Amino acid sequence: MDLTNSLQKLAAYRPQRTPKSKETLEKGIVILQNNGYAKQGDEGWESVEKLALAALDEGNVEVADRCLQLLADKFPGSSRVDVLTGIRMEATESPETALKFYDELLEADPSRAAIWRRKASVLRQMGKLDKSVEELSAMLDTFYTDVEGWLELADTYASCQQYTYALQSLSHALLLAPQNPFHFLVFAETAYLAADIPLSLKMFLVAVDMTDDDDGVVPPRDSIPTALTLRAWYGVKLCTSKLTTEPRAASASASHTPAPTIAILANVDELATERLRTAYLNIKGVSPPSADKELITVLASIIQ
């Protein structure tokens, strides 16, 4: 893993107890006790970093501190170790202590984007959304190409229902990484929350087009939607249902995106329904509900 990608992952880290973090901790402790990491070169030190995060996820501060000390001894002055140290502070110290640590690092070197994003994250957790937005915006003025930063800014805006600003932030992410279908999916979901249904439908269909494998052995129509593609088709169905049952939504587009004609809308709705029914049958092994409303409801729990 290169330095930039590693710092981006650390900047975006959020603590979460999962079976994977538990497994990483259990296996990592054995390697740590046997000094097995030292025999694996760079991969071994990356494993120590992952173990530190898993330990924090599981609340094992002792193991996390041991990993941090090993990394600090091996890589003195490392930006990655500084970010890890900050994350450890976030887990065990007051938010003010973590903020002070990040402020001191930024005062010494304001070009450290990962530190800036961790600071914004702490402010957001404290409920200081305006300050978090201020920090992220200032960072992005300097590091415009930080796609993850734009996504985080958009998510912060969306968390306080400022969807117009969220869409503006996501537009930058689309411009910087137009090949990533996930960004189009998030844009589509945000546009739906903003009640711009025509724009939302357009972007969901872009996400579908980007994730359906036209060159695959199985034609898209005969494939089984999964993961991101399933989520995109679900969004398409939400939009077509909305436009069908609430015609006013077609003319309420803040972006002035034209809605499809009635005939096209019906065809898209039929295809989305078929795709979702296929996915449900594959996941559950039983026939899906026949009513659209019920189908949408049961799929919501699966997708989430």
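Remember, predicted model here, so these are calculated numbers, not experimental data.

(A) Looking closely at the packing of aromatic side chains. Evaluation of the coordinates by the stated rule reveals 5 aromatic pairs. On the basis of an interplanar angle of 85° and a centroid distance of 5.7 Å, the ring pair of Trp45 and Phe75 is categorised as edge-to-face. Here Trp45 is found in helix 3 (residues 42-57), whereas its partner Phe75 is found in the loop between helix 4 (61-74) and helix 5 (79-92), with 30 residues between them in sequence. Phe75 sits in the partly exposed class, given a relative accessible area of 32%. Taking the centre distance of 5.8 Å and the plane angle of 55° together, the rings of Phe101 and Tyr102 count as tilted. Residue Phe101 shares its accessibility class with Tyr102, and that shared class is buried.

(B) Structural detail: the packing of helix 12 (residues 197-211) against helix 13 (residues 227-245). Put simply, helix 12 and helix 13 touch, their axes get as near as 9 Å, and they point 150° apart. Put simply, helix 12 runs roughly antiparallel to helix 13. Judged by the sense of rotation from one axis to the other, the crossing of helix 12 with helix 13 is left-handed. On helix 13, the residues touching Ile197, Ser200, Leu201, Phe204, Leu205, Ala207, Val208 and Thr211 of helix 12 are Leu228, Thr229, Arg231, Ala232, Trp233, Gly235, Val236, Cys239, Thr240, Lys242 and Leu243. For the contact of helix 12 with helix 13, a count of residues per class yields 12 nonpolar, 5 polar and 2 charged.

(C) Spatial organisation of the side chain of Ser253. Mapping Ser253 onto the fold places it in the loop between helix 13 and helix 14 (262-284). You can call Ser253 buried: its relative accessible area is 9%. Here the side chain of Ser253 touches Asp196 through a polar contact of 2.7 Å, side chain to side chain. Setting aside residues no more than four positions away along its own chain, Ser253 makes contact with Asp196 and Pro198.

(D) Quick peek at helix 7 (residues 113-125). Taking 1.5 Å of rise per residue, the 13 residues of helix 7 would be expected to cover 18 Å, and the 19 Å separating its terminal C-alpha atoms lies within 8% of that figure. Most of helix 7 sits out of view: 11 of its 13 residues are buried. Here helix 7 has its buried residues at Ala113, Ala114, Ile115, Trp116, Arg117, Arg118, Lys119, Ala120, Ser121, Val122 and Leu123.

(E) Looking closely at the pattern of salt bridges. With the rule as written, the count across this model stands at 18 salt bridges. With a closest N to O distance of 3.1 Å, Glu152 and Arg14 form a salt bridge. Pair noted here: Glu152 is in helix 9 (residues 147-159) and Arg14 is in the loop between helix 1 (3-11) and helix 2 (19-33), with a separation of 138 residues, a long-range link. The shortest N-O distance in the salt bridge between Asp292 and Lys237 comes to 2.7 Å. Of this pair, Asp292 sits in helix 15 (residues 292-303) while Lys237 sits in helix 13; the two residues are 55 residues apart in sequence, bridging distant segments of the chain. Judged by relative accessible area, Asp292 falls into the partly exposed class, the value being 32%. Of the residues examined, Lys237 reaches a relative accessible area of 0% and is grouped as buried.

(F) The arrangement of helix 6 (residues 95-108) in detail. For helix 6, built from 14 residues, the straight-helix expectation of 20 Å at 1.5 Å per residue is met to within 8% by its first-to-last C-alpha distance of 20 Å. Buried within helix 6 are the following residues: Ala98, Leu99, Phe101, Tyr102, Leu105 and Leu106. The arc that holds the buried residues of helix 6, viewed along the axis, is 160°, so those residues lie on one side. Away from the buried face of helix 6 by more than 90 degrees, exposed residues Lys100, Glu107 and Ala108 are located.

(G) Region of the structure containing the nonpolar core. In this structure, Ile87 and Val236 are the most contacted members of the largest nonpolar core, which totals 87 residues. When residues of this core are assigned to their parent elements, the largest contribution, 8 residues, is made by helix 3. If sequence neighbours within four positions are ignored, Ile87 has contacts with Leu10, Tyr13, Leu53, Leu56, Tyr102 and Arg118.

Conventions adopted
- Residues numbered from 1 in each chain as written.
- Predicted model: local features only at pLDDT ≥ 70, side-chain atom pairs only at ≥ 80, totals over all residues.
- Heavy atoms only, no water.
- Phe/Tyr/Trp six-rings, centres within 6.5 Å; stacked < 30°, edge-to-face > 60°.
- Helix = DSSP H or I, 4+ residues; strand = E, 2+ residues; numbered from the N terminus.
- Buried < 20%, exposed > 50% of the residue type's maximum accessible area, 1.4 Å probe, protein only.
- Axes fitted to C-alpha atoms, helices over the stretch in contact; angles between N-to-C directions.
- Parallel < 35°, antiparallel > 145°, perpendicular 65-115°, else oblique.
- Left-handed = near helix turned anticlockwise from the far one by under 90°.
- Contact = heavy atoms within 4.5 Å.
- Nonpolar A, V, L, I, M, F, W, Y, C, P; charged D, E, K, R; others polar.
- Polar contact = N/O pair within 3.5 Å; in protein donor to acceptor, adjacent residues only side chain to side chain.
- Expected span 1.5 Å × (residues − 1).
- Salt bridge = Lys/Arg side-chain N within 4 Å of Asp/Glu carboxyl O.
- Arc of directions from axis to C-beta.
- Core = buried A, V, L, I, M, F, W, Y, C linked by side-chain atoms within 4.5 Å.

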